[in-house]
Amino acid sequence: MQKPSGCVSVRGARENNLRNVDIDIPRDAFVVFTGISGSGKSSLAFGTLYAEAQRRYLESVAPYARRLIHQAGVPEVDAIDGLPPAVALQQQRGPATARSSVGSLTTLSSLVRMLYSRVGEYPAGQPMLYAEDFSPNTVAGACPACHGIGRVYDATEQTMVPDPSLTIRERAIASWPPAWHGQNLRDILVSLGYDVDTPWRDLPQKDRDWILFTDETPTAPVYPGLTPEQTRIAVKRRLEPGYQGTFTGARRYLLETLANTASALMKKRVSQYIIASDCPACHGKRLKREALSVTFSGLDIAEFGDLSLLKLRDLLRPVAAGEIDAGTTGDSLDHSAREAATARRVAAGGSAHKSSPDIRRTPNLSDEKRLAAQRLAAELLDRLTPLIDLGLGYLALDRGTLTLSSGELQRLRLATQLSSQLFGVVYVLDEPSAGLHPADGEALLAILKRLRASGNSLFVVEHDLDLIRQADWLVDVGPGAGSNGGQIIYNGPIAGLAGANASVTRRYLFDAAPLGQRAARHPESWLQLQGVTRNNLRGLDVAFPIGCLTAVTGISGSGKSSLVAQALPDLVGTRLGRPLAAPEPDEADPLLEERPDITMGHIAGGMDQIRRIVQVDQKPIGRTPRSNLATYTGLFDNVRRLFAATPMARSRRYGAGRFSFNVAQGRCPTCEGEGFMMVELLFLPSVYAPCSTCHGSRYNDQTLEVEWQGRNIAQVLDMTVDEACSFFAGEPSILRPLTVLREIGLGYLRLGQPATELSGGEAQRIKLATELQRTGRGSTLYVLDEPTSGLHPADADRLMLQLQSLADAGNTVVVVEHDMRVVAQADWVIDLGPGAGEDGGRIVAAGRPAEVAENPHSLTATYLKAAL
C-alpha cells in the first residue's frame, strides 16, 4: 500500500483487539473505517487516534482544568506522527440533564436571548433586560416560584395512600420510607395515641390530615416490640422507652427527601408519590414575569422556543433580508404557528385576541435596533440551515435533549461544528448515518464535504454503503470480529478494495451480494389499530399483518418510533393486561424529566392471535461491569451449577452461589469481584489496573481451585462465545443460548464481557438472542426499533435470518428500519410521512415492498426500488 502524502502515521497500535497495527492515513480527506461489528474499527478511530489527539491537547491545559474534562485515556500504541487536534462526535449522551435543550446544545438559545434583549417589544415603562434575564437556568431569569423548572410539586392523600383499605400497620402510607425508618414512624404514631390497626378510610379525616400533611415534628417515646395497648400503658406510666423518636409527616418526608437526598434510587422512589403541575406563576414557561412580557413577532421567548426549526426559518427570513419595513415580522408567522401561540396564551389565562406587534410600526424601533434584528436573524438562519438540511427541522429549540435519539444528538453536534469554523482538525465521527433515512443521508454527505472543504480531515466509522462509496479513502479492518479481527485488510482509495478478497465489505460494495429470494407470506389476519394519537400521530388507522415481518419506514421525525416503539407496545400491552414497563430513565432527576405523551386509540381486531409482546431496544443490558453477556442471557446459572456438581465442589460443600463474583464467599475480597482496581491520578485520567490479588480473575484462590473439564470459572468467563460453543458441546442447556448468540453474529464477545463495554447494537442483539432461545414460539409480537443500526451489512443479513425465522414460526415482527436492503426483505411496508414533525404522522404508502417502491408520493420509494 502506498503511503499518502500528508498523513497520520500509526505504529504498533494494540488497543483492544488491534494486532500491532501499522498504518498511514491521509489528512485533509474523507476517510471511512469499515469492517464487521467487533472488528476493531472503533478501537483504531476512537480508542487510538482520537484518544491520542485528546491526550496531547490536554498536556497544554492547566492541570486543574484537566479534572473538569472527560478524558478518553491513554491508548496502547508505540507512536503516532502527523496527528492534528481532533474533535469526536460520538453517539453518546454525555452527562444527563433535563435542563439541556436543542437550543442550548447548538448555542442557538444564546442568540435568541440576545434577540429578545436587544430588539424585543417591551411593555411601556419596563427597562431593557440583559440576555441572561431570558434564561430559565440563571437566577436572573428563572421564575422565582418554580426556580426555572416550569412545574411545582405536591403530594395528595391519593398519591401517598393508594390503597385506603389497608391499615397504617399494613403500610397504607406507601410514601413513607421502607424498612426500619417506616416502622419507626408507625411506632411513634402509636405512642402519640393514633390508631394504626383501623383501615385508613375509616380513620377520622382530622387524624388522616395531620399524619399526612403536618409540618410539626413532635418527639415521642418509642417502645419497640410492644402492642398498642402495652405502649399506651407504658406512656401513661412514663416507663423508660427504647429511644425517643421524632415524627415527620408523610408529605414533609417526601419533599425533604427530594430536596436533600443524593441517591438517585431514593429520589426515583419518592417521586412516584409526587404529582406535578404547571407553575401557576409562569404557567410552565420557566421564566420570570418581566422576561415573558417581552415579545418578538407577537411571541414571548417561551412561545418562540416552542416553534419548530422550520417555522423559525420562515419567521426569520424577512427579518434577515431587511424586509422589516416592507413586510412586518408580526405578519411573518404562519397561521398554524399563530393558532398554537394563541392556544398557549388561553391555557395560561390570557386573551385569545392578543394582537401581534408589528416591528415596522413599533415607535421605539430605532435604526440601530433594526440593524441588530437583521444581523441576529441572519446569524440564526445560518445556524438553522445545516440543522434543517440534516432532517432536524421538526425539532423545537426548547425540546429537551433527553427526549432525543443518539443519532439526533450526533447530528445536532455535527451541524453545530459548521458554525465553529475550525480549520485543520480531525473530526472523528461514529456512524453519522445511524437513524437517517436515505433522503436525509444526502444532506449529511453535503455537510461532511463542507467540513472537509474547510481544511479539515474526516475519520468516519460507517456501515452505510452509500456513504462509504463517497469516501476519498477507505480503511477496512477485519477479517473477523474480536480475536479474529484487529488487522488492516485494506488501506487505500475505494476502487482498490475490489481486489481485497479477504474483505467482507468488498462483497457488498462491488459484488452486490444478493439478498436471497423468500417465498412471500400471505397474511390471513391483521392487527388493526384505530385512532392512534401519540406525539405527531393524530387519529391514525393502521394494520399490521399477523405472522409476517413488517418494516415501518419514513424520514427522520415522521412518526415511526412514536408508532412502533411507543403506541403499538402501549396498546397491545394494555390489552394483554401486562402494560410494558416504562423505560429506565437516564441518571437525571426524575422530577425534571419531560412528561411522556399518552397514547390514545384502540385495537379493533387481531388480538386473539397475539398472546405476548416483546420489545427489543438498544438500551444497555446493565449499567455496571457486574452485568455481562453470561448473566443477562441466564447461561451463567447453568455454568455455575456444573461447577457446583464437581467432586471437589461437593466435597467442600460449595453451592452454585460460590461461583458468582457477586457473592462474598467466592469472590476476591480485595476487588470484591470487580477484577480491577481504580487508581486516581488526580490531574490525569483514572487508570484501571488488574487487581493485585486475583489478577483480574474476580475470584478467590479457593474458588479457582475448582475446575470443570480442566478450566476454572474465571477461564470460562474469559472464553468467547465461539470458544464456549466447542467447550460446552455436550451441555444442551448451555449450548442452546451460545448457539443463538453465535448465529446472530456475536461469537466474538467474551462471556464475561462487562455490559458497559457493549454497543447499543450488541445489547439489542443480546436481548434478541435471549428471546430466541426460549422454547415457546408463535403468537408473539416482536417490536424492534432500527435493529440494524450500527451493523455491518453482513451482520444485518445474519440478524435478518433470525427475524425471518421468528416470522416463519408464526410470530409477528414489526421493525422500524432505514436500511433499504432490510426493507426489501419484509413482507409488508408501512411508509410514514410525508414530512417530519407536524408534517408527518400519516401513512403515505402501505403494501408489499415492490408496491411501495412504485408509489409516487413516497420519499422512500426511489431508494427501495434501487434495493429490490
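Identification of the protein as UvrABC system protein A from Paracoccus mangrovi is taken from an unreviewed UniProt entry. Under the UniProt heading Subcellular location (unreviewed entry), the note attached to the protein is "Cytoplasm". Of the protein, the UniProt comment under Sequence similarities (unreviewed entry) reads exactly: "Belongs to the ABC transporter superfamily. UvrA family."

With 16 residues, helix α20 (residues 560–575) ought to run about 22 Å at 1.5 Å a step, and its terminal C-alpha atoms sit 21 Å apart, in line with that. Bending of α20 peaks at approximately 35 degrees at the position of A567, with proline P569 no more than four residues after it. Inspection of α20 places K560, S562, L563, V564, A567, L568, P569, L571, V572 and G573 among the buried residues, and these make up the whole buried set. Residue G577 follows α20 closely and has a positive phi angle near 80 degrees.

With that settled, consider the packing of helix α28 (residues 760–772) against helix α29 (residues 793–808). Packing of α28 against α29 leaves a shortest axis separation of 12 Å and a crossing angle of 30 degrees. Classified by the angle their axes make, α28 and α29 are roughly parallel. Seen from above, α28 lies across α29 with left-handed handedness. Packed against α28, whose contacting residues are R765, L768 and L772, the element α29 presents D795, L799, Q802, L803 and L806 at the interface. Its residues assigned to classes, the contact of α28 with α29 shows five nonpolar, one polar and two charged.

A few words on the side chain of E817. Tracing the chain through its elements places E817 in the loop between β26 (812–816) and α30 (820–823). Buried charge without a salt bridge: E817, with R821 as the nearest opposite-charge side chain at an N-O distance of 9.4 Å. Of the polar contacts made by the side chain of E817, one reaches the side chain of T788; its length is 2.7 Å. Here E817 is in contact with V552, T553, E786, P787, T788, V822 and V823, once residues within four sequence places are set aside.

Hydrogen bonds along the backbone pair up the strands of a sheet, which may run parallel or antiparallel. The strand order across the open sheet formed by three strands is β17-β16-β19, and the pairing between neighbours is antiparallel. Two strands bound the open sheet, and with one partner strand each, they are β17 (537–545) and β19 (600–605). Looking at each pair of strands side by side, their axes are set apart by 15 degrees on average, direction ignored. As paired strands, strand β16 (residues 526–534) and β19 are joined by four bridges and run antiparallel to one another. Among the inter-strand pairings, Q528 is bridged to a residue of β19, identified as G605. Taken strand by strand, α20 contacts β16, β17 and β19, and its axis lies near 110 degrees from that of β16.

Further remarks concern the sheet that holds strand β2 (residues 21–26). Within the open sheet, the three strands sit side by side as β2-β1-β4. Their pairing is antiparallel. Each edge of the open sheet is held by one strand with a lone partner, namely β2 and β4 (79–81). Each strand axis lies, on average, 5 degrees off the axis of its neighbour in the sheet, ignoring direction. Across five bridges, the pairing between strand β1 (residues 7–13) and β2 is antiparallel. Bridging from a neighbouring strand, S9 pairs with D24 of β2.

Time to look at unusual backbone geometry. Outside of glycine, negative phi angles account for most residues, and trans bonds account for most peptide bonds. Cis rather than trans, the peptide bond between G478 and P479 has omega equal to 0 degrees. Mapped onto the elements, P479 comes out in the loop between β14 (473–478) and β15 (487–492). Here the bond from G833 into P834 is cis, since omega is 0 degrees, no more than 30 degrees from zero. Here the phi dihedral of R171 falls at roughly 70 degrees; this positive angle occurs in a residue that is not glycine. Relative to the assigned elements, R171 resides in the loop between α5 (157–160) and α6 (179–191). Among the residues examined, R171 registers a relative accessible area of 52% and is labelled exposed. Within the chain, R653 stands out as a residue other than glycine whose phi angle is a positive 60 degrees. Turning to its location among the elements, R653 is positioned in the loop between α23 (647–651) and β21 (676–681). Here R653 falls in the exposed class, since its relative accessible area comes to 80%.

For the rest of this paragraph, the subject is the packing of helix α9 (residues 250–260) against helix α10 (residues 264–271). The contact between α9 and α10 brings their axes to 9 Å, and the two run at 145 degrees. Classified by chirality, the crossing of α10 by α9 is left-handed. Contact residues: Y253, L254, T257 and L258 in α9; M266, K267, R269 and V270 in α10. By residue class, the composition of the contact of α9 with α10 is five nonpolar, one polar and two charged.

The biggest cluster of nonpolar side chains holds 147 residues, and the ones touching the most others in it are F304 and F728. Broken down by element, this core gets its largest block of residues, eight residues, from helix α15 (residues 367–389). When near neighbours in sequence (up to four residues on either side) are disregarded, F728 contacts V639, L642, W708, V716, I734, L735 and L738. In terms of nonpolar packing, the next biggest core, distinct from the first, is built from 28 residues, I211, V222, Y253 and L254 among them.

Counted by the stated rule, this structure contains 17 aromatic pairs. A centroid spacing of 6.3 Å and a plane angle of 70 degrees characterise the contact between F661 and Y699, whose relative ring orientation is edge-to-face. In this pair, F661 is assigned in the loop between α23 and β21 and Y699 in the loop between β22 (684–690) and α24 (701–704), connecting sequence segments 38 residues apart. Summarising the burial analysis for this pair, F661 and Y699 share the class buried. Between F727 and F728, the ring centres sit 4.9 Å apart and the planes meet at 80 degrees, which makes this aromatic pair edge-to-face. Across the pair, F728 and F727 agree in class, each one buried. Chaining the aromatic ring pairs together yields one cluster made of Y116, F134, F296 and F304. Over the ring of Y654 we find R658; its NZ or CZ atom is 4.1 Å from the centre of that ring. Seen from the ring of F661, R698 lies directly overhead, with NZ or CZ sitting 4.2 Å from the centre.

What counts, and at which threshold
Residues numbered from 1 in each chain as written. Predicted model: local features only at pLDDT ≥ 70, side-chain atom pairs only at ≥ 80, totals over all residues. Heavy atoms only, no water. UniProt positions renumbered as here; feature names shortened; annotations may be inferred. Helix = DSSP H or I, 4+ residues; strand = E, 2+ residues; numbered from the N terminus. Expected span 1.5 Å × (residues − 1). Bend = angle between axes of the 7 residues up to and from the residue. Buried < 20%, exposed > 50% of the residue type's maximum accessible area, 1.4 Å probe, protein only. Axes fitted to C-alpha atoms, helices over the stretch in contact; angles between N-to-C directions. Parallel < 35°, antiparallel > 145°, perpendicular 65-115°, else oblique. Left-handed = near helix turned anticlockwise from the far one by under 90°. Contact = heavy atoms within 4.5 Å. Nonpolar A, V, L, I, M, F, W, Y, C, P; charged D, E, K, R; others polar. Lys, Arg positive; Asp, Glu negative; His and termini not counted. Salt bridge = Lys/Arg side-chain N within 4 Å of Asp/Glu carboxyl O. Polar contact = N/O pair within 3.5 Å; in protein donor to acceptor, adjacent residues only side chain to side chain. Pairing = 2+ DSSP bridges. Core = buried A, V, L, I, M, F, W, Y, C linked by side-chain atoms within 4.5 Å. Phe/Tyr/Trp six-rings, centres within 6.5 Å; stacked < 30°, edge-to-face > 60°. Lys NZ or Arg CZ within 6 Å of the ring centre and 35° of its normal.

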